[in-house]
Amino acid sequence: NATPDAISASLQKLRTIGRQLSRVKMPADSMLALLRPIVAMFSDEPPELVDRLVDEGLTSTDPWIVATLRMFRAGMAENNGDVVTMRTNAEAALTAFREIGERWGMASCLGVLAQLKAMDADVDGAVDDLQEALELTRSIGGHDDAVMLNLRLASLRILTGDFEAARHCVAAMRELSEIGGNSYHAVFTHILVAEIALAEGDFGEARRQRDAAKRFLSRLSEVHPAQGHIAAMVLGLSAKISIADHDFAVARDELAKALDYAIGTKDMPITARVGVEIATLATAEGKYLDAAEQLGAAARLRGADDASEPDMARVTATLRAELGADGFAAAYAAGRALDPQAARARLKL
């Protein structure tokens, strides 16, 4: 419950510490080898500096530090839409953590690899990885990590139409949030319940959950570290419901705000997620070429196509029917070929 001023002061202090740490020389097995790039990233230092600090840390003689830095680099690659680096480092880190017997590290890597498998349409493999990660996390009492793993698992259950299993994940998230005392996780349960309701055609329940999520967002401090991600997700959900209600002007305003928040996070996948909803709106308005290019731009930011995104699958089917297979492929490829800056611009409303 820190005040905005207190949060801002803490972030500024972190930036100062990060700049100091980046200049420190240390023994090869020092824990500072791990802390330096992590603090630098959260201090919003240039990516080149963070990469250099990771490279220096990978020379450590401590296998746990090396494995953790590999996992950290995989997470950075996910944010940057670089799935090749993401996969390579997550797999290397998982192997190392298994050799060490480090359960937290194994669970974290399995969560990353599950996301890659889901994008590759290996839903069963993704579920297996998430289930193993949850078992490992429960064994060490990792409540916050378990909440996020259940969130990912619930999304896959919705994708496969197993809504009862998705609700079980939501119930687990609520229980874990109460145990861990992390109140901002509550907004994720509202989003998931709304997604389940939409999939089942219960628009009344979807609107109720959307409204609850918006109320939570209105109370969240603008300097909260997760504010941008949460705002992008809540506004994206709200826009999806507005599109279903044919309130296209409202959806356009919500998506414009969601995109600004997403871009502000510098998180490519969250920007891509908003991009899919922007393409959904364009499709609903009959702007089929725009929608196809926007889907391609979203894939460029994500670094891959995403078979785990139900909205993308639905929009793609509509666009192929309207544009023909070749027409859709050409427009999608045009968006996919953009550089990241141009891809973000292509999503602008």
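Rules behind the numbers
- Residues numbered from 1 in each chain as written.
- Predicted model: local features only at pLDDT ≥ 70, side-chain atom pairs only at ≥ 80, totals over all residues.
- Heavy atoms only, no water.
- Helix = DSSP H or I, 4+ residues; strand = E, 2+ residues; numbered from the N terminus.
- Buried < 20%, exposed > 50% of the residue type's maximum accessible area, 1.4 Å probe, protein only.
- Areas by Shrake-Rupley, 256 points an atom, 1.4 Å probe, with all protein chains shown as cover.
- Lys, Arg positive; Asp, Glu negative; His and termini not counted.
- Charge placed at Lys NZ, Arg CZ, Asp CG, Glu CD.
- Expected span 1.5 Å × (residues − 1).
- Contact = heavy atoms within 4.5 Å.
- Salt bridge = Lys/Arg side-chain N within 4 Å of Asp/Glu carboxyl O.

A.B. asks: Explain the overall build of the protein here, please?
C.D. replies: Along its length, the protein carries 17 helices and zero strands. Buried positions account for 50% of the 349 residues belonging to the protein. Carbon and sulfur atoms form 53% of the exposed surface of the protein, whose accessible area is close to 16,100 Å². Taken as two groups, the 38 positive and 50 negative side-chain charges of the protein have centres that lie 4 Å from each other.

A.B. asks: Looking at this structure, I do not really get helix 6 (residues 103-119). What am I missing?
C.D. replies: An α-helical turn contains 3.6 residues, so any two residues separated by three or four positions project in the same direction. If you check helix 6, its first and last C-alpha atoms are 25 Å apart, about what 17 residues at 1.5 Å a residue would give, namely 24 Å. Of all the 17 residues making up helix 6, twelve are buried; the element is thus mostly covered by neighbouring parts of the structure. All buried positions along helix 6 are accounted for by Gly105, Met106, Ala107, Cys109, Leu110, Gly111, Val112, Leu113, Ala114, Leu116, Ala118 and Met119. The elements touched by buried residues of helix 6 are helix 4 (63-79), helix 5 (83-100), helix 7 (123-139), helix 8 (143-160) and helix 15 (288-302). Within two residues after helix 6, Ala121 carries a phi angle of roughly 75°, on the positive side.

A.B. asks: Could you clarify how one ought to interpret the side chain of Thr280 in this entry?
C.D. replies: Considering the arrangement of structural elements, one finds Thr280 in helix 14 (residues 268-284). Exposure remark for Thr280: the relative accessible area of 16% places this residue in the buried category. Filtering out sequence-adjacent residues up to four positions away, Thr280 remains in contact with Ile243, Asp311 and Val315.

A.B. asks: Please clarify how the side chain of Asn150 should be interpreted in this entry.
C.D. replies: Position of Asn150 relative to the elements: it lies in helix 8. Judged by relative accessible area, which is 4%, Asn150 ranks as buried. Among all residues touching Asn150, those that are not within four sequence positions of it are Leu134, Cys169, Ala172, Met173 and Leu176.

A.B. asks: Even after reading the chapter, I still don't get the pattern of salt bridges, so can you show me in this structure?
C.D. replies: Two side chains of opposite charge can pair, provided their charged atoms sit close to one another. What the rule picks out here adds up to 25 salt bridges. The shortest N-O distance in the salt bridge between Arg167 and Glu200 comes to 2.5 Å. With Arg167 in helix 9 (residues 163-180) and Glu200 in helix 10 (residues 186-200), the pair connects residues that are 33 residues apart, well separated along the chain. In this structure, the salt-bridge partner of Asp305 is Arg336, at a minimum N-O distance of 3.8 Å. Taken as a pair, Asp305 in the loop between helix 15 and helix 16 (310-336) and Arg336 in helix 16 lie far apart in primary sequence, 31 residues in all.

A.B. asks: Teacher, can you tell me more about unusual backbone geometry here?
C.D. replies: Excluding glycine, residues mostly carry a negative phi; peptide bonds, for their part, are mostly trans. Positive phi outside glycine occurs at Ala121, with the angle close to 75°. Here the phi dihedral of His246 falls at roughly 65°; this positive angle occurs in a residue that is not glycine. Secondary-structure assignment places His246 in the loop between helix 12 (227-244) and helix 13 (248-265). Residue His246 is classed as exposed on the basis of its relative accessible area of 60%.

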